[in-house]
Amino acid sequence: MGGCLQLSNSAYFQLAAEVEVDFDWPDHDYWILSRELTIFECLDFSDVPKRLRARALEKKVTMLSPFKDPGYYVAWTESFAQVYLWDEALRQRTLDELVASHASHAEHLRRLKPVPEPVLFNAPLEGKTYVECVVGVDAQVWQGARLVASKWLPEPEDAAAKVLSLPPGPVRGIDESSDITEQVWWRSIAFVLLVALVFEFGSWVGLRVAVSQMTQEVSEGRKELAGLLALKNQAEAVRKDNEQLTAWVTPPRQISLLAQVDRLLPDTVKITAWNYQNSELNLTISDENLDNRAYVEALSIAETFESVSVEPGPRNESAIVRLQVLR
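All values derive from a computational prediction rather than experimental measurement.

Conventions adopted
- Residues numbered from 1 in each chain as written.
- Predicted model: local features only at pLDDT ≥ 70, side-chain atom pairs only at ≥ 80, totals over all residues.
- Heavy atoms only, no water.
- Helix = DSSP H or I, 4+ residues; strand = E, 2+ residues; numbered from the N terminus.
- Buried < 20%, exposed > 50% of the residue type's maximum accessible area, 1.4 Å probe, protein only.
- Contact = heavy atoms within 4.5 Å.
- Areas by Shrake-Rupley, 256 points an atom, 1.4 Å probe, with all protein chains shown as cover.
- Salt bridge = Lys/Arg side-chain N within 4 Å of Asp/Glu carboxyl O.
- Pairing = 2+ DSSP bridges.
- pLDDT = per-residue confidence, 0-100.
- Arc of directions from axis to C-beta.
- Core = buried A, V, L, I, M, F, W, Y, C linked by side-chain atoms within 4.5 Å.
- Axes fitted to C-alpha atoms, helices over the stretch in contact; angles between N-to-C directions.
- Expected span 1.5 Å × (residues − 1).
- Polar contact = N/O pair within 3.5 Å; in protein donor to acceptor, adjacent residues only side chain to side chain.

**Observations concerning the overall build of the chain**
And step 1. Helix and strand counts for the chain stand at seven helices and 15 strands.
And step 2. Taken across its 327 residues, the chain has 40% of its residues classed as buried.
And step 3. Considering only contacts within the chain whose residues lie at least 6 apart along the sequence, 55% involve residues at least 24 apart.
And step 4. Of the accessible surface of the chain, which amounts to about 18,600 Å², a share of 53% is contributed by carbon and sulfur atoms.

This is how it looks when you write it as structure tokens:
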């Protein structure tokens, strides 16, 4: 079971398991997510105009995340988004449990800003390194001031590798953590209201022009028509932006697909090889208790996949799973 530890009067640390924490944390209102609870992605938005990058990021996060209800934090370096994803539903359950046991601090707890553990440390800024975390290590690859790859490990892959214990520093990035569904919902409502407003104005202006030929009213009608055209132009711009975003956001990458498959399959299954090409994902799996029917049933519930099939593998206790990935 996971837990949450109070680090100071204002900071709380969410963990996958109960451990002792002995770090000098900055005194800010943070809800700190242990590195092992987050997934890192470095995304390039150089082909996306600046004014559309935040919305493109929302769509990308929804596509990449293996979580049904993802939360995220982003640090921008020019056109590159360094993104940490987590299970927001799990964070909310942990928060609710904490609020239930600390009712007098409920308002403060719900205001805490969620941040991933690595952004609280001074950055190495160059090359590959291992950074000490409260639990395990963070294997990082830096290019200049940009973190291009990061993976949580229980311990370094190279036993002789040096592990850095970094002091806390300024929090990296701009906090864009949010409830994506809520943001998209409110923007959709705004768009619908805009279209409705265009329709109402169009009907009203048309009626006024039709029932009166007076010079003054024609003049007023023209002014109102100008406002109507402006609203229509705004609606058309929103439509074009959405079309551009659809074109810019690419299909899910292998890492997110593999994460989703691994989450759906039984814990006894190990993925030993994979190949993703032309929207088809082929996996070689091993399992001491092979159950092809169970694999098909487990993977068929995901909206991401269709045409799930399983066939015998190259060795005993192995199988080949073939999935068609929906774009």
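**Thoughts on the pattern of salt bridges**
And step 1. Evaluated as defined, the whole model comprises six salt bridges.
And step 2. When the shortest N-O distance is used, the salt bridge between Asp96 and Arg110 registers 3.2 Å. Within this pair, whereas Asp96 is found in helix α2 (residues 88–101), its partner Arg110 is found in helix α3 (residues 106–111), the two being separated by 14 residues in sequence.
And step 3. What makes Asp96 partly exposed here is its relative accessible area of 37%.
And step 4. Residue class for Arg110 comes out partly exposed when judged on its relative accessible area of 47%.

**Overview of the sheet that holds strand β11 (residues 163–164)**
And step 1. Strand order in this open sheet of four strands is β10-β9-β8-β11, and the pairing throughout is mixed. Each edge of the open sheet is held by one strand with a lone partner, namely β10 (146–153) and β11.
And step 2. Across six bridges, strand β8 (residues 127–132) lies against strand β9 (residues 137–143) in antiparallel orientation. Within the sheet, the bridge partner assigned to Val131 lies in β9 and is Asp138.

**Considerations on the confidence of the model for the chain**
And step 1. Residue-level pLDDT values for the chain average 75, and 65% of them are 70 or greater.
And step 2. Note that residues 174–186 has pLDDT below 50 and, in this model, 24 contacts with residues that lie over four places away or in other chains.

**Re helix α7 (residues 292–300)**
And step 1. Tyr295, Ala298 and Leu299 are the residues of α7 that are buried. When α7 is viewed along its axis, its buried side chains cluster within an angular range of 90° and face the same direction.

**Regarding the nonpolar core**
Soluble globular proteins: nonpolar side chains tend toward being buried together.
And step 1. In this structure, Trp31, Ile32, Leu109 and Val115 are the most contacted members of the largest nonpolar core, which totals 25 residues.
And step 2. Within the residue set of this core, elements represented by two or more residues are β2 (12–15), β3 (30–33), β4 (39–44), β6 (80–87), α2 and α3.
And step 3. Here this core gets four residues from one element, more than from any other, and that element is β3.
And step 4. Leu258, Ala319, Leu323 and Val325 belong to the second-largest nonpolar core, a separate cluster that totals 19 residues.

**Some points on the sheet that holds β6**
And step 1. The sheet built from three strands is open, its strands ordered β4-β6-β5 with antiparallel pairing. The outermost strands of the open sheet, each flanked by one partner alone, are β4 and β5 (70–77). When the angles between neighbouring strand axes are averaged without regard to direction, this sheet yields 25°.
And step 2. Strands in contact with helix α1 (residues 50–64) are β4, β5 and β6; relative to β5, the strand with the most contacts, it is inclined by about 135°.
And step 3. Relative to β6, α2 is tilted by about 55°, and along the sheet it contacts β5 and β6.

**Observations regarding α2**
And step 1. For α2, spanning 14 residues, the distance from its first C-alpha to its last is 20 Å, which sits close to the expected 20 Å at 1.5 Å a residue.
And step 2. Every buried residue of α2 is listed here: Glu88, Arg91, Thr94, Leu95, Leu98 and Val99. Projection of α2 onto a plane perpendicular to its axis shows the buried side chains occupying an angular sector of 140°, all on one side. Away from the buried face of α2 by more than 90 degrees, exposed residues Glu97, Ala100 and Ser101 are located.
And step 3. Between the side-chain oxygen at the start of α2 and the backbone nitrogen of Ala89 there is a gap of 3.1 Å, and the oxygen is on Asp87.

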